[in-house]
Structure formats: structure tokens, C-alpha cells
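# A structural walkthrough
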Amino acid sequence: MTITRTTLWLLLLPGVGYLVLFFGLPLVLALLTSLGMGTIGTNEGFTLRHYADLFSDSVYRDGIRYSLYISVAPTLASLAVALPLAVVLQATFPGKKLFLTLYKVPLVVPGIVAAFIVMILFDRGGEMSRILKPVGLSLPKLVRDDWSLGVIIALAWKSIPFMTLIIGGALASIPADLAAAARSLGANRRVVFWQIELPMALPGITAAVLLVFVGSTGAFAVPSLLGPIYPKPLSVWMYEAAYQQNDWGLATAMGIVMSAIACAVLLIYYRLTHGLNRAIGGETR
Amino acid sequence: MVANVQIIGLRKTFGPTVAVDDFSLTVAEGEFVALLGPSGCGKTTVMRMIAGITDPDQGQITLSGQRIDALMPERRHVGLVFQSYALFPHMSVARNVAFGLKMRRQTAGQIAVKVAETLALVDMSSYADRLPRELSGGQQQRVALARAIAIEPRLLLLDEPLSNLDAKLREQLRDDLKALQRRLGITTIHVTHDQSEAMALADRVVVMNAGAIVEVGTPRDLYQTPKTRFTAQFLGHTNIIPARVQFGRMITPWGELLGAAPLGAGAVQLSVRPEDLGLAACDQGAGHVTEVTFLGAEVEHRIAIAGLMLRSRSSGRDAPVHPVGTKVVLSFPADLHHLSQEPAL
């Protein structure tokens, strides 16, 4: 049976059509708006003014840098916890069932609630400092601090179960025979993990890292509540530009820059893991 | 390098289920032993305990005098081949075979030589750079075998290595496996549920059922003179005939077996292989043919006699075919065999 051009297009229509309509079209509209040819706000004809504003103003440059920081740092922090946790959860231990239920709780807690939890626990005069005060210990500043530790804690707290779930799934799908075969060939548990299990779970780990990264890039509520007064992330500046200054051109330019940064990070990450895979696992073809 | 194996009183339970109980076995240096039994009989658990993947509850495993049952699997120096091949999917054939050698900290030069040598041994030299997923099942199993023997193990464990292959390929690989084992002289324990595979490969067969050893012997002894009904029926087909020995005469349900040597005493169970049971058409015969099946190399008759249903097989071009309903007399081999370890019926 040969598929004619028309049938092919018809078959592709539901999938591709959906993407074009709900992803491509808004993206194009945002791009046009940021170039001054928008349908929202004033139409002023083609201009690069908004991008020039964005990159010439040090406030926005700091915003870009800060947005990148609060998406990379929580992703790395989550990975540092989720990967060992996923490995531990492959084994059986008493109380595992209860733990498996409990550790997923942050998945269903909204980001803003997570931010308030961190605030109540870790802010100056919060629960933790009250508990620690009689012992003579004091917490470092964790809310509205220069390093945004509170933001990182809240975002990581949200994404650790999600990452653990994905990486755990990737690890669990590796047949047990592979580890047994490697052990019989003289590999200890550590070597089996680094040379067999990790390379095989890498696609899952990659997916988890990218999803968490993209999720954190656009975080709004958590940095607004827990972040320092300055710098603010691009997401917050975007909101202010659009709703307080009614400058949709600038807001969409920020959106486009943020998307471009996310794409660039994804590309770099793909290159890195590709190289990593080759280095520790052997050929990838 | 090659070791003998001594297993004493091995036991393993999974919750309330006893998987293996009181398993003791000695395997000589260079011997090929098959663990044969239906699925769930505990044969794979025994193999996993020898490899160190499963910890035994009780018992000892000794390789050439060295206790290994408490050693980590990576310290046992035992080769393992799985039914699922278990090749590392992200490594080429050559890197799979080199894996165990790298773990032994051999130099790159030594490894390259050994990998080339071992791949040549299993006829896979031209596939060194392929990934496992680019190979057929039979080729993958050859690589798995090469990977296991490259480390020159003291003992080779094969867990149903041929079961995922189709019949033609299975036979081919079976012959290659046997030749390779004889050539290298590696002590080998082969786990299988396929009785023809066990008989074709092994010097000795260990028949297992429900976690325990039923019988141990050479393929010929187990086939021709099984002591138990389980062995007689698990290795090929057999006719079990309840009989009595009275005043030196053998009495079967349909009458006396003339000329049969007195054997056993009181009630006995005879085991007669279908190919040993002869039949001839006779109007006064006590049995009659109920079914005739042409199997190509053989003709099988089913005979109803005194409430029993027996099978007889004859081979060759001129094998007689008796139509259904023909009255027949049966003829038995001179050296009748009875199941000595079966309780009398």
C-alpha cells in the first residue's frame, strides 16, 4: 500500500496541527509582539528596541543571570538528592511502602504552599530557629538571602520526588541479570552502578533533569516570596512589564530570551551527557 | 584453574516456600553436569546460590577445597550465562567480552589479545564492533558465552542458555557448546528443563523436583534404568505397568508374562519405553489398537489392554501399521526394568 501525499498530511494533522495551534502560533505571536509587530499592545512596526532595552539595562541583565541561577541550582540540588535516593529505593527495606507514599507528598503540594512552608520553618523567628535557640544554635539567613537558599530549598523540595520517580523508573527497568552478570565478571556494587546502571539510566536522568530545569526557569511564586529584594528573576520582571507598565513588547522579549536560554541549556546538556555516556559507558550509536 | 565442586546440604526458603532443600552434589574437575527439572523445581535457585546472587539459608559450597558460599559474587571467579543473554546493551561485543578482563586489571594489550582469541573461539570475530541489539539471539548467546569464558572461570554456570532460541539454532549451538566445553575442559553446571538438551550435553544429569534431587546418573542410566517414576516419565515417554511377582512368575493385569526373568518381589512397577514394546496382530490378543499416529521417523500405536493405555513406537520404513481396532499381543524386552524406588501400587 502506498500512502499518498494527501493521506499523509491528514494522518499528521492531529499531532502536528495541535502543536502548531497551541505551541507554534503563540510562540510566533510572542515573537512578533517582541519585535513591535504585535497584536497585543501597540503596533509600532518592526523594531529591535525591546531587545535593546532588555540587554542595555543592568537590572534586566541581572534578572537573566538570576533566572538562570535559580533554575540550575535547584536542578543540581535535586539531582544530588534524587539520584542516591532512587538507588536506595531499588532495595527492599522495612517500612519501604510507607516511605514510598510519604516521599511523594511534595508532588501534590503547590509551589506557593511549598514557599510558605519554607518561610514558616526557616525565616528569622520561624519554627526552626525557635527549636534551635535553646540549644544555642542559630540558622543562617535562608529567606530573602543573597544566595537564595530558601528559593533553592523550596524548588528542590518540590522537584526531588518527581526526579526520584523518573530516575527510579529508569533504574528499575534495567534487568537484574545485567548486574548479576557484571558481578560474576568481577565488578563490585560500585562498578556495577557507575559502568552499567548509570549509563543505562542516563536517558531517564536526562529527562528528569531537563523537566525540572524547565520547570524552575519559569518559577514565579517561590522566588517572589523567598528570593532577595534584588535581583529579581525574569519571570517577575515580565509580570511587572506586562501588568504594571503595560509594556507587552518588553514582556514578550523577555519571554523569548528566556525560551532561548532554556533551549541553549538543553542543547549544552545534551552534548555533555552524550560525551559522558561515551566516556563511562562506551559507544553510543 | 579449573575447579571441582562440592555442595553439601544446601537449603533456601522464600517465605513459607522451600525452594531448595538438602541439596548435595559433587562435580569432578572438567565434568559437565546438567540440573534437569520442571520449572519451579529449584534448579535455578541452586545455580544462583553457586554464583552468589542468592544467599543460601544453610549449606556449604566448596570449589577445589575453598569455601565460597560467603564470598561476594565478584570474588568467586565463576562464569555465568543467562537465558536472557544479559549482554551490556551500551557496550560493543568486544567491550562486553573485555569487561571481566578489565575488572581483573589486565593491560590493554593482554585484553585485546584475549578478546580476539575468545571471539574466534565462538566464531564471532567479525562482529567485535557491533552492539548487542544488532545481533540475532544465537549470536548474542555466543557473545555471552565468550564473555563468561574470557575470564577463564573455575566453573561455568549456564542457566537455560538455549531456551530462547528456535529449534534448529538450538541444536547447532548445543553441539558447539559441547565441543567448546570438551576442548576447554571447564567444569560446567547447566540448568535446563529440556531433557533432550540435558542428555545430549551432560556427563551426568541431576533430576530435580520440588526443591530436591530425585535421581543422579549418566544420561544412559537414567533413561534405561530409572529408579523413580518421576525420572522415567520426565526423560522421554514410558509405560508404567503394575505387576506382581508370584512363585518366580511375573503376573501383569492381563496375565502372566512368559519368559520374564523373576525380578523384585511382591508388587512391582515395570517401566517399558514405547520403543521397547513390540506388538503383533493376533485374533486371540488381549489388547486392541485405539489410535495410530504417523510421526515421520516413527509410528506410534496406542493399545488398550486390561484397563491400561500403553504406547508402542516402531521406527524404520517397514514399520508395520495396525489399523484401529486390531487385536494385538505385546512383546517385552528380555531385560525388564522395574522402578526400584517406587512404592508398590
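Keep in mind it's a predicted model, so treat the numbers as computed, not measured.

Reading the values: rules and limits
Residues numbered from 1 in each chain as written. Chains lettered and ligands numbered in written order. Predicted model: local features only at pLDDT ≥ 70, side-chain atom pairs only at ≥ 80, totals over all residues. Heavy atoms only, no water. Pairing = 2+ DSSP bridges. Helix = DSSP H or I, 4+ residues; strand = E, 2+ residues; numbered from the N terminus. Axes fitted to C-alpha atoms, helices over the stretch in contact; angles between N-to-C directions. Buried < 20%, exposed > 50% of the residue type's maximum accessible area, 1.4 Å probe, protein only. Contact = heavy atoms within 4.5 Å. pLDDT = per-residue confidence, 0-100.

This part takes up the sheet that holds strand E11 (residues 239-246) of chain B. Residue and element names in this part refer to chain B. One open sheet accounts for 4 strands, arranged E13-E12-E11-E14; its pairing is antiparallel. With one partner strand each, in any of the chains shown, strand E13 (255-257) and strand E14 (266-272) form the two edges of the open sheet. Taking the axes of each pair of neighbouring strands and ignoring which way they run, one obtains an average angle of 40° across the sheet.

A:Leu234, A:Ser235, A:Val236, A:Trp237, A:Ala241 and A:Ala242 are the residues of helix H11 (residues 234-244) of chain A that are buried. Of the residues one or two after H11(A), A:Asn246 is the one with positive phi, at around 55°.

Time to look at the environment of B:Val329. Residues and elements named next belong to chain B. Among the structural elements, Val329 can be located in strand E19 (residues 327-331). Owing to a relative accessible area of 35%, Val329 belongs among the partly exposed residues under this scheme. In sequence terms Val329 and Ala280 are 49 residues apart; their C-alpha atoms lie 5.5 Å from each other. Excluding anything up to four places from it in sequence, Val329 contacts Gly278, Leu279, Ala280, Cys282 and Gly285.

Time to look at the pairing of strand E12 (residues 249-252) of chain B. Residues and elements named next belong to chain B. Pairing geometry for E11 and E12, over 3 bridges, is antiparallel. Bridging from a neighbouring strand, Gln246 pairs with Arg249 of E12. The turn linking E11 back onto E12 is made up of 2 residues, and Phe247 within it adopts a positive phi angle of 50°. Alignment of E12 against E13, held across 3 bridges, turns out to be antiparallel. Among the inter-strand pairings, Thr252 is bridged to a residue of E13, identified as Gly255.

Turning our eyes to something else, we now look at the confidence of the model for chain A. Residue and element names in this part refer to chain A. Per-residue confidence for chain A averages 86 on the pLDDT scale, and 94% of its residues sit at or above 70. Mean pLDDT values over the elements of chain A span from 80, in helix H12 (residues 248-281), up to 94, in helix H8 (residues 176-184). The low-confidence segment residues 281-285, where pLDDT is below 50, has 20 contacts with residues more than four positions distant or belonging to other chains.

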